[in-house]
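Fold and contact review
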Amino acid sequence: MEIIERKENPLLNRVELRFRWNHDKNSTPTLADMVAAAAKAEPGSKKELTFVKNVNTRFGQPLTTGLAIIYEDENSASVEPEYVHNRHQKLKPSTKEEGEA
């Protein structure tokens, strides 16, 4: 993942990362892959507060672009629509399953 633009948004308490992912000999990255890579690219960020939006993969090209939004805290992340939270909720490992094991 290559970060094209990094923009701090203090009003919404978040960092916005525009990215480009060239996946020549691999399949198109999953949403989980993009969230993990974006969280890793921003020091001190958490996967739970990282949201990937506006993803576009070019037909016939191994190139994916998108926008990753990384919030400082859960209260700030509440501005994201509910469907975005639901989509990213599926990526989180179930803490119940980890606790039972």
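In short, a report on the structure. Within each chain, residues carry numbers counting from 1 in the order of the written sequence. Note on the predicted model: pLDDT of at least 70 is required for a residue's local features to be given, and 80 or more for side-chain atom pairs to be given and counted; whole-chain, interface and lining totals, by contrast, use all residues. Each side-chain value is worked out from all heavy atoms of the structure, with water and hydrogens disregarded.

A few words now on the overall build of the chain. A run of DSSP states H or I qualifies as a helix once it reaches four residues; a run of E qualifies as a strand once it reaches two. Both are numbered from the N-terminal end. Scanning the chain from N- to C-terminus turns up four helices and four strands. Counting from the amino terminus, the chain carries its helices and strands in the arrangement β-β-α-β-β-α-α-α. Relative to its 101 residues, the chain shows a buried fraction of 32%. The contact rule is simple, with two residues in contact once any of their heavy atoms fall within 4.5 Å. The long-range fraction of contacts in the chain, counting pairs at least 24 apart against all pairs at least 6 apart in sequence, stands at 50%. Computed with the Shrake-Rupley method and a 1.4 Å probe, the accessible areas treat only the protein chains shown as cover for residues. Surface accessibility of the chain: about 7000 Å² in total, with carbon and sulfur atoms responsible for 47%. Per-residue accessibility, obtained with a 1.4 Å probe over protein chains only, is compared with the maximum for each type, and a residue is labelled buried under 20%, exposed over 50%, and partly exposed between these values.

Here helix H1 (residues 31–41) has its buried residues at Met34, Val35, Ala37, Ala38 and Ala39. Here the buried face of H1 lies against strand E2 (14–22), strand E3 (50–57), strand E4 (63–71) and helix H3 (82–89).

A residue counts toward a patch only above 30% relative accessible area and without a salt bridge, and it is joined to like-charged neighbours within 9 Å or, for Val, Leu, Ile, Met, Phe, Trp and Tyr, to nonpolar neighbours within 5 Å. Salt bridge criterion: a side-chain nitrogen from Lys or Arg within 4 Å of a carboxyl oxygen from Asp or Glu. Residues scored as charged are limited to Lys and Arg (positive) and Asp and Glu (negative), so that His and the chain ends carry no count. By convention, the charge on Lys lies at NZ, on Arg at CZ, on Asp at CG and on Glu at CD. A surface patch of like charges, here negative, comprises Glu48, Glu72, Asp73 and Glu74. With respect to the helices, strands and loops of the structure, Glu48 is situated in the loop between H1 and E3.

Moving on, we get to a nonpolar patch on the surface. Residues Leu11, Leu12 and Val79 make up a contiguous nonpolar surface patch of about 310 Å² in total accessible area. Among the structural elements, Leu11 can be located in the loop between strand E1 (2–9) and E2. Its relative accessible area of 80% is what places Leu11 among the exposed residues.

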